[in-house]
Amino acid sequence: PISANAIVMGKFLGAFLISLVAILPTLIYPICLQILSADAGIDVASIIGSYIGLIFLVASFCAICICISSYTNNAIVAFIAGAFICFILLTGFEAISKISFLKGSLDYFIELLGINFHYKAMSGGLISLKDIVYFICIIGCFLFITQKKMKSFA
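Rules behind the numbers
Residues numbered from 1 in each chain as written. Predicted model: local features only at pLDDT ≥ 70, side-chain atom pairs only at ≥ 80, totals over all residues. Heavy atoms only, no water. Phe/Tyr/Trp six-rings, centres within 6.5 Å; stacked < 30°, edge-to-face > 60°. Buried < 20%, exposed > 50% of the residue type's maximum accessible area, 1.4 Å probe, protein only. Salt bridge = Lys/Arg side-chain N within 4 Å of Asp/Glu carboxyl O. Helix = DSSP H or I, 4+ residues; strand = E, 2+ residues; numbered from the N terminus. Axes fitted to C-alpha atoms, helices over the stretch in contact; angles between N-to-C directions. Parallel < 35°, antiparallel > 145°, perpendicular 65-115°, else oblique. Left-handed = near helix turned anticlockwise from the far one by under 90°. Contact = heavy atoms within 4.5 Å. Nonpolar A, V, L, I, M, F, W, Y, C, P; charged D, E, K, R; others polar. Core = buried A, V, L, I, M, F, W, Y, C linked by side-chain atoms within 4.5 Å. Disulfide = S-S within 2.5 Å. pLDDT = per-residue confidence, 0-100.

A. Inspection of the packing of aromatic side chains at higher detail. One pass over the structure, following the stated rule, counts five aromatic pairs. Ring plane angle 75 degrees and centroid distance 5.7 Å describe the contact between tyrosine 108 and phenylalanine 109, whose orientation is recorded as edge-to-face. Judged by its relative accessible area of 51%, phenylalanine 109 is exposed. Summarising the aromatic geometry, the rings of tyrosine 108 and phenylalanine 117 are spaced 5.7 Å apart at their centres and angled 85 degrees between planes, so their arrangement reads as edge-to-face. Pairwise contacts between aromatic rings join Phe56, Tyr134 and Phe135 into one cluster.

Printed below as a string of structure tokens:
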């Protein structure tokens, strides 16, 4: 028998690796721009940070969608709910932080909860430990919830 942890990690790694394979061909664009640029080239730190941020973003979205799909048997419902939760985590906290009565007091802390805040920091070329820890916590939290849900089936 396969453990719930093995099932969850296998599904996550499968979805994550397929997503990485889909991202892989886009590496040709920055390479071509670097080769064809007449001046000093493109900002390599920003490109590397963007790709690292994108990898963490994809891993987070895979973990979220796997968690959501463990709560339903319908693939369409899982897709719509997963896309909605990913959208809310990506843009929702930033939108809430822009509410006028939160300006100056809680706006920074609310925006700090969202994925977009950490992705923007990484895509600018600044890869900090707090952003990496945030993404690892999001991934770990959703995979843990999925694992607990899978154990409840057994």
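B. Geometry of the pattern of salt bridges. One pass over the full model with this rule turns up two salt bridges. Linking lysine 98 and glutamate 94 is a salt bridge whose minimum nitrogen-to-oxygen distance equals 4.0 Å. Residue classification places glutamate 94 among the buried residues on the basis of a relative accessible area of 16%. One salt bridge connects glutamate 94 with lysine 120, and the closest N-O pair in it is separated by 2.9 Å. In this pair, glutamate 94 is assigned in helix H4 (residues 75-97) and lysine 120 in helix H6 (residues 115-123), connecting sequence segments 26 residues apart.

C. Quick peek at the packing of helix H3 (residues 44-69) against H4. Where H3 contacts H4, the two axes come as close as 9 Å, and the packing angle between them is 135 degrees. Relative to H4, the element H3 lies oblique. Considering how the two elements wind past one another, H3 and H4 form a crossing that is right-handed. In this structure, H3 contributes Leu57, Phe61, Ile64, Cys65, Ile68 and Ser69 to the contact, and H4 contributes Ala78, Ala81, Gly82, Ile85, Cys86, Leu89 and Leu90. Residue composition of the contact of H3 with H4, grouped by class: eleven nonpolar, two polar and no charged.

D. Up close: the nonpolar core. Phe12, Ile64, Ile115 and Phe142 are the most contacted members of the largest nonpolar core, which totals 25 residues. Going through the elements one at a time, helix H1 (4-23), H3, H4, H6 and helix H7 (129-153) are the ones with two or more residues in this core. The greatest single-element share of this core, amounting to eleven residues, is contributed by H3. With residues up to four places along the chain from it excluded, the contact list for isoleucine 115 reads Leu57, Phe61, Ile64, Leu89, Leu90, Tyr134 and Phe135.

E. Quick look at the state of the cysteines. Taken as a whole and judged by the stated rule, the model has zero disulfides. Left without a disulfide partner, cysteine 67 is nearest to the cysteine sulfur of cysteine 141, which lies 7.9 Å away.

F. Structural view of the packing of H1 against H3. Where H1 meets H3, the closest approach of the two axes is 9 Å, and the angle between their N-to-C directions is 140 degrees. By the criterion of interaxial angle, the relationship of H1 to H3 is oblique. H3 is crossed by H1, and the crossing has right-handed handedness. Facing H1, whose interface residues are Lys11, Phe12, Ala15, Phe16, Ser19, Leu20 and Ile23, H3 presents Tyr51, Leu54, Ile55, Val58, Ala59, Cys62, Ala63, Ile66 and Ser69. A class-by-class count of the residues in the contact of H1 with H3 yields 13 nonpolar, two polar and one charged.

G. Layout of the confidence of the model for the protein. Here the protein shows a mean pLDDT of 91. Residues at 70 or above account for 99%. When mean pLDDT is compared element by element in the protein, H1 scores highest at 95, while helix H5 (residues 107-112) scores lowest at 86.

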